[in-house]
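Results of the structural survey
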Amino acid sequence: MKQPHNSLLLAGIFSSLIIPVNLQADSDSDKMADTLLDLSLEELISLDVPDVTSVSKRKQRLMDSPAAVFVITDEDIQRSGVTSIPEALRMVPGMQVARLNGNTWSISTRGFNYIFANKLLVLIDGRTVYSPLFSGVNWDIQDTMLEDIARIEVIRGPGAALWGANAVNGVINIITKHAADTQGGLLSTGFGSEEKAFAAYRYGGEIGDDGYYRAFFKTFTRDGLANSDGTDANDDWKINRAGLRADWQTETGAEASVQGEVYDGTTRPPLKIFSYYGTEVEDTIVNLNRAQQGGHLIGNYKQYYSDGSNFSLRGYYDRYENYDYRVTEKRDIGDLEFQHHILPWDNHDIIWGLGYRLTKYNLSDMNNITMPQTSRTDELYSAFIQDHITLSPTWSLALSSRFEHNDFTGYEIQPNAKVTWKAAENRTFWGSLSRAVKTPSISETEVTTRGINILTEDMFDPLLDFVSNPPYLMSISGNNNLNSESLTAFELGYREQFNNRLRLDVTAFLNKYDDILAYVDRGECYDDTTVENIIGLDGQPTNVCVISGTTQAPPFDAILEFPTTFTNGLSATAYGVEVALDWQVNDWWKLHTNFSALQIDAKAYQNEIYLKENEALIEELSASSTANIRSSMNLPNQWYLDFWVRYMDNLKNAKVGAYTALDFRVAKKIGKDLEVSLTGKNLFDKQRLEFSEIFSGLGATEVQESWYLQLRWQY
């Protein structure tokens, strides 16, 4: 569908909703008020502006937080009709979420969006979930019972001073509910065109006088997406998950909790990989199950003192197993953190802490992937401190830094300074200066991938112009002499809440990146290829690595491999603005809107052909603008109507055009306990491509419009 048509349709939907509903509200306002929830307007607003903890590791009002923070509430998750955490993240201003296939997402903010996006730190109840293999996130296993999520706090911008390395472009902190808030039973089940079948059941009860627990089981089967010709891509996704949480208070007034989950599931990733035992690129491999399983256990203890201070201990163990065609990966992580909060003087609020993480992993059954050693153990030591200084009733300053030692680059220091001016009770200005680093990963330092990066002709032309007849292969070898990528970030923000009905949040940022990783010529061929010196069309001699075929005369009929390796070869500047506007139109209608604009300029350290390609790649990874409009209506007789229109500009590197998508949900509550809803997703297009790439061997499939029916019973 052409973009002008989408824009007109968006405007039509918006105007048609405003005009008739406002007219009806004038005549039916008394009837409407009788059917609303028993909440005043002030209470509804307060639910929309929850306290946050991710910005400073202490509870504070969102209005007073000196960071670009956005909160997805449990109500947002339910009313939007999302069925996964990645889908929920589309609500966040500036967050770019693109789906590659039925179970793989590319998620990032402020640039560098890719399925290997490695500058975004994700936590679930304090447990870090990024993969040490590639510093990104396996989004297909990051899940829980969505009804148990209290909120998702998203920081756009560096959070490394408190949360550590890889919290470069942002932090996603997923916080689940206290067991006391999930008492009784809840059953959620349904089916649809893409959500073929899903069900979740949770039950919570009491443990003695001061304890609570809940247990849940969740399962789903999701249909595969579509190929470009409309046929089924067979990239189905199935997973089962069970979890338990207990919270209690000790005799000394301390709080303690234990929680854990286990999961087991399969996906069918479409793969396109070259076989070195033959002479042709394999067709896309389908119906090949990729099994994943694992689990985690988290323990928390927090002791409070009468002087306002407290200390906490948190530890977790995480196990992950991935049985993929390309590699079998097994990983164990143990993490322990101590944190102490003190109030030494009237105007100082200090939090400091120590941390230790041990990671053990093993790689085996590798196809198209090699590594000098198949197992490795890494240790991470860390310490942080933050001093929040109240300078006056309207001015405050927060100084913080994190100190880490890792096994890849050694010692790293990541400082941060934030200033806040509370110009009025509901008006806040803030500024921030931060440094953050992204440390190298295993895949960047030790792993070699071959036969996975298959170049297309249009990608190949800038490299050499005298070879026809694909395939053209690009291998990538790790480099264990890499430095950390670094970011220096400047941010300015403004928030204001007007008349208890309207809230505005504006952030401008300037990010300066140095030592960005890029691939360059490795300088030598692999032993199983033939090195040949040829004369190109430009008349210059060139060494090429020939797998098979002939290079006797151009255009050469040969399968060539171009070996590359990583280096710290680029710098970049990213700048932009993010705007969020929340409007309580009246007691029964809310609108949430946001818009973001982004520009990235990269510069290679050397005039080298691969580095110039990397330069263009970084500049074109992300969309230059995104926008959202979400509407939530509480209608008479316990009917609920929600729609969500979102826009993403084109992704030049992925060759994906701009698109506008519509999600629609209507729900009816029957009595106090039962709700039935119908949700439609991606309704503007029959199907569309959201992302594509060449570095993983994964094939791209297309998102389809879909509907699903859901029943939720709570007792």
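Parameters at a glance
- Residues numbered from 1 in each chain as written.
- Predicted model: local features only at pLDDT ≥ 70, side-chain atom pairs only at ≥ 80, totals over all residues.
- Heavy atoms only, no water.
- Pairing = 2+ DSSP bridges.
- Helix = DSSP H or I, 4+ residues; strand = E, 2+ residues; numbered from the N terminus.
- pLDDT = per-residue confidence, 0-100.
- Contact = heavy atoms within 4.5 Å.
- 1 Å grid on protein atoms, 1.4 Å probe; cavity = no way out; pocket = protein on both sides within 12 Å on 5 of 7 lines; lining within 4 Å.
- Points joined across faces, edges and corners; volume = space filled by probe spheres on them.
- Nonpolar A, V, L, I, M, F, W, Y, C, P; charged D, E, K, R; others polar.
- Phe/Tyr/Trp six-rings, centres within 6.5 Å; stacked < 30°, edge-to-face > 60°.
- Lys NZ or Arg CZ within 6 Å of the ring centre and 35° of its normal.

Notes on the sheet that holds strand β6 (residues 120-124)
- The strand order across the open sheet formed by five strands is β3-β8-β9-β6-β7, and the pairing between neighbours is mixed. Since the sheet does not close on itself, it has two edges, and those belong to β3 (68-73) and β7 (127-128), each with one partner.
- Sheet topology places β6 next to β7; two bridges connect them, and they run antiparallel. The residue of β7 that forms the bridge with Leu 123 is Thr 128.

Thoughts on the confidence of the model for the chain
- Of all residues in the chain, 87% attain a pLDDT of 70 or more, and the chain-wide mean is 86.
- Counted against residues more than four places away or in other chains, residues 1-47, with its pLDDT under 50, gives 53 contacts.

Quick notes on empty space enclosed by the protein
- What the rule picks out here adds up to twelve cavities of 30 Å³ or more.
- Lining of the largest cavity is provided by 48 residues; of these, Ile 115, Phe 116, Phe 134, Ser 443 and Phe 695 occupy positions nearest its centre.
- Of all the elements in the fold, those that place two or more residues in the lining of the largest cavity are β5 (104-109), β16 (310-323), α6 (442-445), β24 (448-455), β27 (502-521) and α8 (609-619).
- Split into classes, the residues belonging to the lining of the largest cavity amount to 27 nonpolar, 13 polar and eight charged.
- Residue assignment for the lining of the second largest cavity shows that the elements contributing at least two residues are β7, β12 (211-222), β13 (237-249), β14 (255-267), β15 (290-304), β16 and β17 (328-345).
- Partitioning the lining of the second largest cavity into residue classes produces ten nonpolar, eight polar and ten charged.

Quick word on the packing of aromatic side chains
- Across all of its chains, the model carries 19 aromatic pairs by this definition.
- Where Tyr 519 meets Tyr 610, the ring centres are 6.0 Å apart and the plane angle is 75°; that geometry is what we call edge-to-face. Of this pair, Tyr 519 sits in strand β27 while Tyr 610 sits in helix α8, and the two are 91 residues apart along the sequence.
- Taking NZ or CZ as reference, Arg 222 lies 3.9 Å from the ring centre of Phe 220, over its face.
- One residue, Arg 222, lies across the ring of Trp 237, its end atom 4.9 Å from the ring centre.

Brief notes about unusual backbone geometry
- Unlike most non-glycine residues, Asp 365 shows phi in positive territory, near 50°.
- Assignment of secondary structure puts Asp 365 in the loop between β18 (348-364) and β19 (369-370).
- The phi dihedral of Asn 499 falls on the positive side, at around 50°, and the residue is not glycine.
- Here Asn 499 shows up in the loop between β26 (485-498) and β27.

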